[in-house]
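Listed below are the residues making up each chain.
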Amino acid sequence: MAGFVPEHDDYQALVYRIGSQVSGIFQDAETRLLAEIARRLIRDLPEVPDLAEQVRIVQALETYASELTAGITRELAEDIVTRAARQGAAAVITLPGIPQITQLTDQHVLAAALTAFDLGNKFEDMRARILRYPRDAMGEFIVGGDVYQQVIASNVPQVMLGTSTAAARKAALQEFLERGVTGFVDIAGKNWKIGTYSEMATRTAVTRAYTDAKVHRAEAVGIDLFSILGGRNACAHCAPWFGKIVASSGSAGWREVPHSYEDGTVTVYVDGTLADWRASGANHPNCTCTPVEYLPGFNIPTAAPGYDPVAHAARDHLRSLEVRERDAKRKQLIAIAAGDERKAFAQQRRILDLQKQTREHVAATGQRRRYERAQPKFADGSPLATASS
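Rules of the game
- Residues numbered from 1 in each chain as written.
- Predicted model: local features only at pLDDT ≥ 70, side-chain atom pairs only at ≥ 80, totals over all residues.
- Heavy atoms only, no water.
- Axes fitted to C-alpha atoms, helices over the stretch in contact; angles between N-to-C directions.
- Helix = DSSP H or I, 4+ residues; strand = E, 2+ residues; numbered from the N terminus.
- Parallel < 35°, antiparallel > 145°, perpendicular 65-115°, else oblique.
- Left-handed = near helix turned anticlockwise from the far one by under 90°.
- Nonpolar A, V, L, I, M, F, W, Y, C, P; charged D, E, K, R; others polar.
- Expected span 1.5 Å × (residues − 1).
- Buried < 20%, exposed > 50% of the residue type's maximum accessible area, 1.4 Å probe, protein only.
- Arc of directions from axis to C-beta.
- Core = buried A, V, L, I, M, F, W, Y, C linked by side-chain atoms within 4.5 Å.
- Contact = heavy atoms within 4.5 Å.
- Pairing = 2+ DSSP bridges.
- Polar contact = N/O pair within 3.5 Å; in protein donor to acceptor, adjacent residues only side chain to side chain.
- Salt bridge = Lys/Arg side-chain N within 4 Å of Asp/Glu carboxyl O.

Asker: Would you explain the packing of helix 10 (residues 309-338) against helix 11 (residues 341-365) in this entry?
Answerer: A pair of packed helices is characterised by two quantities: the angle between their axes and the separation of those axes. Contact geometry of helix 10 with helix 11 gives a least axis separation of 9 Å together with a crossing angle of 160°. By the angle between their directions, the pair helix 10 and helix 11 is classed as roughly antiparallel. Considering the relative orientation of helix 10 and helix 11, their crossing is left-handed. Each residue belonging to the contact of helix 10 with helix 11 can be placed in one class, and the counts come to ten nonpolar, nine polar and seven charged.

Structure below.
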């Protein structure tokens, strides 16, 4: 049989690039806002202000938060989904005799619109939480919430020896800020931080839009058979499908189909449908596997022999190290803004230790290090600055 292996790296790069850049704008907004609150309420505020001053500070912080999140809009979500769908459709192989399809059906347009709407809703929710955060922080500082009570309880000896209430309030607020903008829970009940949640939501939308457009375009030119292509870090859900044929519709079993480049037919075995593949747990946010067209008569496209639990664990550990380094850098920035040299130094030591662990892990496993994933913010805070290619 002839060999045919479609390009897979472009898809992985698309999902990673857009997901990480959108995550960047949310992380950037969060980090800048937390640092500004730390400066105003911890470093520069000697005592609890009166009500009028509280309102003035909160309004100024809300204005700042609004400016930081001005680019997080439904239009941004629509642009992301449109670009992913366009690249998905363009990824379908072109062969002599196969017509070019330039129009999408009403059904596919609706599916893309629903994907964009869902992503837009998540963007609006995340933006709303950022905009509301200054009031939450002021409330924590003035009234004293759960974090304040925890700080007091854990520092009873110091309080009894004369540590001021104002100092306790500021320590509680700093711990509150270090937790970041929270409250993001997925359907499985997992709690997310805003950076990882925004990346997860975006990757989900990009994957869905890309795959749906690719399958639609393939069906429009008469291709309804696919195989699942994944790399060395393939997940356990997709690996069992490698080397097998799945269909966009119908049922599993033997099928007699036209040969791709010769007269006559060829008999192939269909192991399931794309719906079966998704039902197996595949196509999750961190999944980089994707359906590619199967052309009867060619070898089934494969890019990895199967699931490698060691490689998968190595990738997950690297991601954990990168996220922990980013968290330490965010906390260091908050400590610097708050004028807390002791905490800033402690976080710097933590950062250096995590970077050492990351270098050793990369050297031992050959995993690709993503330096930008360990950054608390992007230089310009723009999610689309380099995503148009």
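Here the narrative resumes, following the displayed structure.
Asker: Hey, could you run me through helix 2 (residues 51-68) in this one?
Answerer: Three- or four-residue spacings in an α-helix give side chains the same orientation, since the helix completes a turn every 3.6 residues. Taking 1.5 Å of rise per residue, the 18 residues of helix 2 would be expected to cover 26 Å, and the 26 Å separating its terminal C-alpha atoms lies within 8% of that figure. Buried within helix 2 we find Gln54, Ile57, Val58, Leu61, Glu62, Ala65 and Leu68. In a view along the axis of helix 2, the buried residues occupy a sector of 135°, so they form one face of it. Projecting away from the buried face of helix 2 at angles above 90 degrees are the exposed residues Ala52 and Glu67.

Asker: Looking at this structure, I do not really get the nonpolar core. What am I missing?
Answerer: In a soluble, globular protein the nonpolar side chains are often hidden away together inside. Phe26, Phe123, Tyr133 and Leu177 are the most contacted members of the largest nonpolar core, which has 57 residues in total. Sort the elements by how many residues they give to this core and helix 1 (residues 9-43) lands first, with 15 residues. Those residues in contact with Leu177 that sit more than four places away from it in its chain are Leu34, Ile37, Ala38, Ile42, Tyr133, Arg330 and Ile334. Formed by 20 residues, the second largest nonpolar core is a distinct cluster that contains Trp241, Val246, Leu274 and Cys289.

Asker: Teacher, can you tell me more about the packing of helix 3 (residues 74-90) against helix 8 (residues 194-220) here?
Answerer: Two numbers describe how helix 3 lies on helix 8: the axes approach to 7 Å, and their chain directions differ by 40°. Helix-helix and strand crossings are classified by hand; for helix 3 and helix 8 the assignment is right-handed. Between helix 3 and helix 8, the residues in contact are Ile80, Val81, Ala84, Ala85, Gln87, Gly88 and Ala89 and Thr202, Ala205, Val206, Ala209, Tyr210, Ala213, Lys214 and Arg217, respectively.

Asker: Sorry if this is basic, but what is going on with the pairing of strand 8 (residues 290-293) here?
Answerer: Regular strands place their side chains on alternate faces of the sheet. Burial of strand 8 is two-sided: the residues Thr290 and Val292 facing one way and the residues Pro291 and Glu293 facing the other way are all buried. As defined by bridge partners, strand 3 (residues 225-229) adjoins strand 8 across four bridges and the pair is classed as antiparallel. Across the sheet, residue Leu229 finds its bridge partner in strand 8, namely Thr290.

Asker: Mind showing me how you'd approach helix 11 here?
Answerer: Under the 1.5 Å per step criterion, the end-to-end length of helix 11 is 36 Å for 25 residues, consistent within 8% with the ideal 36 Å. Burial in helix 11 covers these residues: Lys343, Ala344, Gln347, Ile351, Leu354, Gln355, Thr358 and His361. Structurally, the start of helix 11 carries an N-cap: the backbone nitrogen of Arg342 is 3.3 Å from a side-chain oxygen of Asp340. A positive backbone phi angle near 80° is found at Gly366, which sits one or two residues after helix 11.

Asker: Can you walk me through the pattern of salt bridges in this structure?
Answerer: Where charged atoms of side chains with opposite charge meet at close range, the side chains can pair. Under the counting rule described, the total for this entry stands at 22 salt bridges. Here Asp118 and Lys122 are joined by a salt bridge, their closest N and O atoms 3.0 Å apart. In this pair, Asp118 and Lys122 are both assigned in helix 4 (residues 106-142), four residues apart and thus about one turn of the helix distant. For Lys122, a relative accessible area of 23% gives the class partly exposed. Here Asp327 and Lys193 are joined by a salt bridge, their closest N and O atoms 2.9 Å apart. One end of the pair, Asp327, is in helix 10; the other, Lys193, is in the loop between strand 2 (191-192) and helix 8, and 134 residues separate them in sequence. For Asp327, a relative accessible area of 9% gives the class buried.

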